[in-house]
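# Architecture and fold: a report
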Amino acid sequence: MKLSNILALALISSASAFVPSTPTQTSSSTTLSMSDTTTETPTAMPNPVIKLAANGMSLLKPIFGLEAQLQAAVLGAITNVDKEAVAGDIDVLKSQNKVLIYTYGLSPFSTEALSILEASGYEYTNVELGKEWFLLGGEASETRVALSKLVDSGATSLPKIFIGGECIGGCAELAALVDNGELDSKMKLTKVSNKNGKGGSDMPNFFTNLFA
C-alpha cells in the first residue's frame, strides 16, 4: 500500500473522532479515570475504515519512532524528566489495573479502542497522555517512548492496551481480538470485573445459588 494511501485513510478515519460514540471518561497522565456505565451494551464491531488505517500506520513506524525519540529527548531534558520514574509509574498502573489503556484525546484510533472496550462491558482504566502526540509535554513524551518498549514492534503510536499486565498492542490488535471472538475469553481469563455485575470468572456463586 502506498504511503499516500495510508495517509489518506488516516485523514478519512480522523472524522470518526468527532462522531458521538459510547461515552467514556478520560484523564491527564497523572489522574486515572474509571468507566462506570452500568447499562448493558452490545459488543462493538470495529470500524472497518479505522481498522484498515490502523493496520496501515505500521508502515510509518520508523518515521514516528524517530520523531518520538527526538521529542522525548528535547522536552524531557528541558523539564528534567526521570526516565526510570516514568517506567516505574507504568509498572505500577499495570499491576493495579487489569485493563489499562493509554490514549490521545483526539485520536480516532484511541476513540475506536475506547468504544470497543466500553461496549465490551468490562471495567478498564484510561490514561490520556494528551490531546495528540504533537501536544505532549516532557513527561508524556517520555511515557510514549517507554510504552513503545513494551511491544515487540516498538510502535510509538497510541492507544496502548494492557490486559492482565500484558500489552496486546493498539486499536488494530484489539479489533482483531473482537473479530476472532477472543476478547471476552481473554477478559474472563484475567478475571476482569464486568460493569453489568458479571465477574471475570465463570465459577458459580455458592451463596447466590443457596438462597435463590
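Each value, and the rule that gives it
- Residues numbered from 1 in each chain as written.
- Predicted model: local features only at pLDDT ≥ 70, side-chain atom pairs only at ≥ 80, totals over all residues.
- Heavy atoms only, no water.
- Helix = DSSP H or I, 4+ residues; strand = E, 2+ residues; numbered from the N terminus.
- Expected span 1.5 Å × (residues − 1).
- Buried < 20%, exposed > 50% of the residue type's maximum accessible area, 1.4 Å probe, protein only.
- Arc of directions from axis to C-beta.
- Contact = heavy atoms within 4.5 Å.
- pLDDT = per-residue confidence, 0-100.
- Right-handed = clockwise from strand over helix to strand, strands pointing away.
- Phe/Tyr/Trp six-rings, centres within 6.5 Å; stacked < 30°, edge-to-face > 60°.
- Pairing = 2+ DSSP bridges.

### Digging into helix 3 (residues 61-78)
Here helix 3 spans 25 Å end to end across 18 residues, near enough to the 26 Å set by a 1.5 Å rise per residue. When helix 3 is considered as a whole, its buried residues turn out to be Gly65, Glu67, Ala68, Gln71, Ala72 and Gly76. Along the axis of helix 3, the buried positions cluster into a sector of 165 degrees, meaning they face one direction only. The outward face of helix 3, more than 90 degrees from its buried face, is lined by the exposed residues Pro62, Ile63, Leu66, Leu70, Ala77 and Ile78. Those residues of helix 3 that are buried are in contact with helix 6 (138-148).

### What about the environment of Leu66?
In this structure, Leu66 sits in helix 3. When the C-alpha atoms of Leu66 and Thr156 are compared, they prove to be 9.4 Å apart, with 90 residues separating the residues in sequence.

### What to know about the confidence of the model for the protein chain
Mean pLDDT for the protein chain: 78, with 67% of residues reaching 70 or above. Per-residue pLDDT stays below 50 along residues 1-31; that stretch engages in 55 contacts with residues further than four places along the chain or on separate chains. Here residues 33-42 is modelled with pLDDT under 50, and outside its nearest four sequence neighbours on either side it reaches 25 contacts, counting other chains as well.

### Digging into unusual backbone geometry
In this structure, the amide linkage connecting Leu158 to the following residue, Pro159, adopts the cis form with an omega of 15 degrees. Residues other than glycine seldom take positive phi values, yet Asn80 does so here, at roughly 55 degrees. Relative to the helices and strands, Asn80 is located in the loop between helix 3 and helix 4 (83-96). Even without being glycine, Lys191 reaches a positive phi, approximately 60 degrees.

### Concerning the pairing of strand 2 (residues 99-104)
A large share of strand 2 lies buried, amounting to six of its six residues. Burial of strand 2 is two-sided: the residues Val99, Ile101 and Thr103 facing one way and the residues Leu100, Tyr102 and Tyr104 facing the other way are all buried. Since strand 2 and strand 3 (residues 125-130) lie parallel, the crossover through helix 5 (residues 108-120) that links them has a hand, and here it is right-handed.

### Side note on the packing of aromatic side chains
Under the defined criterion, the tally for this structure stands at three aromatic pairs. On the basis of an interplanar angle of 70 degrees and a centroid distance of 6.4 Å, the ring pair of Phe64 and Trp133 is categorised as edge-to-face. One end of the pair, Phe64, is in helix 3; the other, Trp133, is in the loop between strand 3 and helix 6, and 69 residues separate them in sequence. Centroid distance Trp133 to Phe134: 5.4 Å. Interplanar angle 85 degrees. Geometry classified as edge-to-face.

### Section: the pairing of strand 5 (residues 166-169)
One face of the sheet, then the other: side chains in a regular strand alternate in exactly this way. Pairing between strand 4 (residues 160-163) and strand 5: three bridges, direction antiparallel. Bridge pairing in strand 5 links Ile163 to Glu166. Connecting the antiparallel pair strand 4 and strand 5 is a turn made up of two residues, with Gly164 showing a positive phi of about 65 degrees.

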